[in-house]
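Examining the three-dimensional arrangement
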Amino acid sequence: MTREPRQAVILEIMRMSTEDGPGIRTTVFFKGCSLKCAWCHNPESISPRPQIHWIGSRCLACKLCLAQCPRGALSFGEDGLRIDRDRCAGCGRCAAECPSTALEPLGRTWELDELVREVVKDRAYFEQSNGGITVSGGEPTMQPEFAAAFLAALRAAGIHTALDTCGQTSPEALATVAAHADLVLYDLKEIDPERHREFTGVANDRILDNLKRLAADLRRRAGQTRLWIRTPIIPGATDRDENLAGIGRFIAANLKGLVERWDLCAFNNLCRDKYTRLGLEWPYRRADLLSRGQMERLAEIARQSGVDERLVHWSGSTRMEADDESGEERSRLRVVKGCATC
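Residues numbered from 1 in each chain as written. Predicted model: local features only at pLDDT ≥ 70, side-chain atom pairs only at ≥ 80, totals over all residues. Heavy atoms only, no water.

Thoughts on the overall build of the protein
Each helix and strand in the protein was counted, giving 10 helices and 14 strands. Taking the principal axes of the C-alpha coordinates as reference, the protein spans close to 60 × 60 × 40 Å. Out of the 342 residues belonging to the protein, those deemed buried represent 51%. Taking as baseline every contact in the protein between residues at least 6 positions apart, the subset at least 24 positions apart corresponds to 70%. For the protein, the accessible area works out to roughly 16000 Å², and carbon and sulfur atoms hold 47% of it. Distance between charge centroids for the protein: 4 Å, based on 48 positive and 48 negative side chains. (Helix = DSSP H or I, 4+ residues; strand = E, 2+ residues; numbered from the N terminus. Buried < 20%, exposed > 50% of the residue type's maximum accessible area, 1.4 Å probe, protein only. Contact = heavy atoms within 4.5 Å. Areas by Shrake-Rupley, 256 points an atom, 1.4 Å probe, with all protein chains shown as cover. Lys, Arg positive; Asp, Glu negative; His and termini not counted. Charge placed at Lys NZ, Arg CZ, Asp CG, Glu CD.)

See below:
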């Protein structure tokens, strides 16, 4: 562990969130992630560096941005602006010059005191709703000293704090940040280590070991920090009966009495344009939403896995199932408050 830095690269500050813990929350998304999930809904959070993306519908094709790039990473073609990602340093000069905001920076450096002052502006919403502030990402524990100092300052100000983590980090980093969280939202995506490697880039050994360590620490601290588990339900990946049953068995065997809530988060496809703007292909671009019936069935599998069935909840947008005599599936969506898909 290094001396506490006073700066961090933050992707976004999202206000009025109801998906990242109890009440109305402000979620601070840190830049940089230790996983590369195939279904990632925040691909702009994976790289730890600031980036630029281009929104073609806003572009005036004035080309003023081209002269601003010190690395020559920008060019225009038949399909519009092209960004050479290998050259682009994310300095933001092109975005500052763009008159139509077609170029936007993804990530900026914040000073610790500056970020604290910014988010405590929302205190009135937290007090009325029993909400607070959540650090998410990306993965906040990739910038552990800053994240810990940030949460400590918020706690000192009387604000509820939450850490949203994938668990793929060092035990020391996780312990450092979690010590200042009133709530930990811990992702368990896939129980099979090889399937976890296939879909995220790494096996789940460290994630499971870190969760066991965290559980031991939470027991020592006797309820000072609450624990929620979150599982993204991804079609063709994590939506297997054996996956939900396996995660449930792990929770029952290792986290008994600690977990307050196990959220099953339905897949959504609202991030498709993000991949386009970053020049990336998304393997789930054409994947359909799950139906309510599918989510209910998977929730029942989870409830029968050995956990207290009252812990299991599901949330997200779903495809409506057939509800008329013809059996034709409707295109409307059912939306349930809860977590976003990781």
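Some thoughts on the confidence of the model for the protein
Looking at the protein, pLDDT values average 92 and 92% of them are 70 or higher. Considering only residues more than four positions removed or in separate chains, one finds that residues 323–338, a stretch of pLDDT under 50, has 35 contacts. (pLDDT = per-residue confidence, 0-100.)

Structural notes on empty space enclosed by the protein
For the coordinates displayed, the defined rule picks out two cavities of 30 Å³ or more. Its volume calculated, the largest cavity comes out at about 90 Å³. Contributing to the lining of the largest cavity are 15 residues, with Cys59, Cys62, Cys65, Cys98 and Leu103 lying nearest its centre. Residues of the lining of the largest cavity, tallied by class, amount to 13 nonpolar, one polar and one charged. Roughly 50 Å³ of volume is contained in the second largest cavity. Lining the second largest cavity are Asp187, Leu188, Lys189, Glu190, Ile191, His196, Asn204, Ile207, Leu208 and Ile247. Class assignment of the residues belonging to the lining of the second largest cavity gives a composition of five nonpolar, two polar and three charged. (1 Å grid on protein atoms, 1.4 Å probe; cavity = no way out; pocket = protein on both sides within 12 Å on 5 of 7 lines; lining within 4 Å. Points joined across faces, edges and corners; volume = space filled by probe spheres on them. Nonpolar A, V, L, I, M, F, W, Y, C, P; charged D, E, K, R; others polar.)

Thoughts on the packing of aromatic side chains
Inspection of the entire model under this criterion finds seven aromatic pairs. Ring centres of Trp39 and Phe199 lie 5.8 Å apart, and the angle between their planes is 45°; this geometry places the pair in the tilted category. Highlighted residues: Trp39 in the loop between strand 2 (25–30) and strand 3 (51–54) and Phe199 in helix 6 (residues 193–200), separated in sequence by 160 residues. Neither residue differs from the other here; Trp39 and Phe199 are each classed as buried. Summarising the aromatic geometry, the rings of Trp282 and Tyr284 are spaced 6.2 Å apart at their centres and angled 50° between planes, so their arrangement reads as tilted. (Phe/Tyr/Trp six-rings, centres within 6.5 Å; stacked < 30°, edge-to-face > 60°.)

Brief notes about the side chain of Thr225
Among the secondary structure elements, Thr225 is positioned in the loop between helix 7 (205–220) and strand 11 (226–233). A polar atom in the side chain of Thr225 sits 2.8 Å from the backbone oxygen of Ala181. A distance of 2.8 Å separates the side chain of Thr225 from the side chain of Arg221, its partner in a polar contact. In this structure, Thr225 is in contact with Arg155, Ala178, Ala181, Asp182, Leu183, Val184 and Leu218, ignoring residues within four places of it in sequence. (Polar contact = N/O pair within 3.5 Å; in protein donor to acceptor, adjacent residues only side chain to side chain.)

Regarding the pattern of salt bridges
The final tally for this structure, using the stated rule, is 26 salt bridges. A salt bridge links Asp182 to Arg155; the shortest N-O distance between them is 3.1 Å. In this pair, Asp182 is assigned in the loop between helix 5 (171–178) and strand 10 (183–187) and Arg155 in helix 4 (residues 144–156), connecting sequence segments 27 residues apart. Its relative accessible area of 18% is what places Asp182 among the buried residues. Owing to a relative accessible area of 28%, Arg155 belongs among the partly exposed residues under this scheme. A cluster of three or more residues bridged by salt bridges with shared partners is formed by Arg15, Glu118, Lys121 and Asp122. (Salt bridge = Lys/Arg side-chain N within 4 Å of Asp/Glu carboxyl O.)

Section: the nonpolar core
In terms of nonpolar packing, the biggest core is built from 55 residues, with Phe150, Tyr186, Leu188, Leu227, Ile229, Trp262 and Leu264 touching the most fellow members. For Leu188, the contacting residues outside a window of four places in its chain are Ile207, Leu208, Leu211, Ile229, Arg230, Thr231, Pro232, Ile247, Phe250 and Ile251. Of all hydrophobic cores here, the second largest spans 15 residues; its members include Cys37, Cys166, Phe199 and Cys271. (Core = buried A, V, L, I, M, F, W, Y, C linked by side-chain atoms within 4.5 Å.)

Description of the pairing of strand 5 (residues 80–83)
As paired elements, strand 4 (residues 74–77) and strand 5 share four bridges and run antiparallel to each other. Residue pairing for strand 5: Phe76 is matched across the bridge by Leu81. (Pairing = 2+ DSSP bridges.)

Let's talk about the layout of surface pockets
As a volume, the second largest pocket reaches approximately 200 Å³. Looking at the second largest pocket, the residues that line it are Trp54, Asp79, Leu81, Arg82, Ile83, Arg85, Thr276, Arg277, Leu278 and Gly279. For the lining of the second largest pocket, the elements supplying multiple residues, two or more each, are strand 5 and helix 9 (272–277). The element that contributes the greatest number of residues to the lining of the second largest pocket is strand 5, accounting for three residues. Here the lining of the second largest pocket is built from residues that sort into four nonpolar, two polar and four charged.

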